[in-house]
Amino acid sequence: MNFFKNFLPIIIAAVSGMAMTFQGTFNSALGKKIGVIETSMIVHIVGLIISILGVIFWGRFPKIEMLKDVPYYSFLGGILGVLIVVGVAYTISKTGAAFGISIILIAQLLTAVILDHFGIFTLERIPINLTRVVGTILMLIGARFLIK
């Protein structure tokens, strides 16, 4: 049981990262044909359909009273989803997958370190330390090697 407790989140994170790269590549190809804003719309319509099917078969529709105590910022994910799809589709089409995703990952890492440091949005506070700074610097150096 301990194996799955520690290993399963890592596997799921890795699969999510791979999925993001494929999604960005697919969205970039679609964006070249129909435009990035239009791509975002199509992606989110398809995602909505899949999400509804997921709720029908494996979840439950949230009741309105369940949402009343949810912090306002929790609803910003939909807006951020549009920004992410548009930004990734545009970036990958201009930079290629490796460099584009490396910049995205560095931005995610820097943001995550800041959110952790301050314990923002219900996160447990994990202070910045030398190891995290060195790791971030190494990622920046690695991204530099990916530039064409």
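Residues numbered from 1 in each chain as written. Predicted model: local features only at pLDDT ≥ 70, side-chain atom pairs only at ≥ 80, totals over all residues. Heavy atoms only, no water.

In the nomenclature of an unreviewed UniProt entry, the protein is known as Transporter family-2 protein of Anaerobranca gottschalkii DSM 13577.

K.L.:
I'd love a proper account of the layout of surface pockets, names of residues and values included.
P.N.:
Within this model, the largest pocket holds a volume of roughly 560 Å³. Surrounding the largest pocket, 20 residues form its lining, Leu 80, Ile 84, Gln 108, Thr 111 and Leu 115 being those nearest its centre. Only α4 (77-95) and α5 (97-118) provide two or more residues apiece to the lining of the largest pocket. Grouping the constituent residues of the lining of the largest pocket by class yields 13 nonpolar, 6 polar and 1 charged. (1 Å grid on protein atoms, 1.4 Å probe; cavity = no way out; pocket = protein on both sides within 12 Å on 5 of 7 lines; lining within 4 Å. Points joined across faces, edges and corners; volume = space filled by probe spheres on them. Helix = DSSP H or I, 4+ residues; strand = E, 2+ residues; numbered from the N terminus. Nonpolar A, V, L, I, M, F, W, Y, C, P; charged D, E, K, R; others polar.)

K.L.:
Please set out unusual backbone geometry residue by residue, giving values where relevant.
P.N.:
One non-glycine residue, Phe 121, lies in the positive phi region at around 55 degrees. Mapped onto the elements, Phe 121 comes out in the loop between α5 and α6 (130-146). Judged by relative accessible area, Phe 121 falls into the partly exposed class, the value being 45%. Residues other than glycine seldom take positive phi values, yet Thr 122 does so here, at roughly 70 degrees. Position of Thr 122 relative to the elements: it lies in the loop between α5 and α6. Accessibility expressed as a relative area gives 71% for Thr 122, which makes it exposed. (Buried < 20%, exposed > 50% of the residue type's maximum accessible area, 1.4 Å probe, protein only.)

K.L.:
Requested: an account of the packing of α5 against α6, with residues and values cited.
P.N.:
At a closest axis distance of 9 Å, the pairing of α5 and α6 adopts a crossing angle of 165 degrees. The orientation of α5 with respect to α6, classified from their angle, is roughly antiparallel. Crossing angle aside, the handedness with which α5 passes α6 is left-handed. Between α5 and α6, the residues in contact are Ala 98, Phe 99, Ser 102, Ile 103, Leu 105, Ile 106, Leu 109, Leu 110, Val 113 and Asp 116 and Arg 132, Thr 136, Met 139, Leu 140, Ala 143 and Leu 146, respectively. Of the residues that constitute the contact of α5 with α6, the class distribution is 12 nonpolar, 2 polar and 2 charged. (Axes fitted to C-alpha atoms, helices over the stretch in contact; angles between N-to-C directions. Parallel < 35°, antiparallel > 145°, perpendicular 65-115°, else oblique. Left-handed = near helix turned anticlockwise from the far one by under 90°. Contact = heavy atoms within 4.5 Å.)

K.L.:
Residue-level account of the domain arrangement of the protein, with values.
P.N.:
When its domains are assigned, the protein resolves into domain 1 (1-95) and domain 2 (96-147). Averaged C-alpha coordinates put domain 1 and domain 2 at centres separated by 20 Å. Contacts between domain 1 and domain 2 engage 9 residues on the former and 9 residues on the latter. A buried area of about 760 Å², summed over both sides, lies between domain 1 and domain 2, and 74% of it is on carbon and sulfur atoms. Together, Met 20, Tyr 73 and Thr 95 form the three largest contributors to the area buried by domain 1 at its contact with domain 2, with a combined 58%. Run the count over domain 1 and domain 2 and you get 0 salt bridges. For the pair domain 1 and domain 2, the interface holds 2 residue pairs in polar contact (both at pLDDT 80 or more). Secondary structure elements with two or more residues in the side of domain 1 that touches domain 2: α1 (2-34) and α4. It is α4 that provides the largest number of residues to the side of domain 1 that touches domain 2, a total of 5 residues. Per-class residue counts for the side of domain 1 that touches domain 2 are 4 nonpolar, 4 polar and 1 charged. (Domains from an automatic or database assignment. Buried area = accessible area lost by both parts, 1.4 Å probe. Salt bridge = Lys/Arg side-chain N within 4 Å of Asp/Glu carboxyl O. Polar contact = N/O pair within 3.5 Å; in protein donor to acceptor, adjacent residues only side chain to side chain.)

K.L.:
Can you break down the pattern of salt bridges residue by residue, with the values?
P.N.:
Applying the stated criterion across every chain, the model contains 1 salt bridge. Of the charged contacts in the structure, one is a salt bridge between Arg 132 and Asp 116, with a shortest N-O distance of 3.3 Å. Here Arg 132, found in helix α6, pairs with Asp 116, found in helix α5; they are 16 residues apart in sequence, far enough to count as distant.

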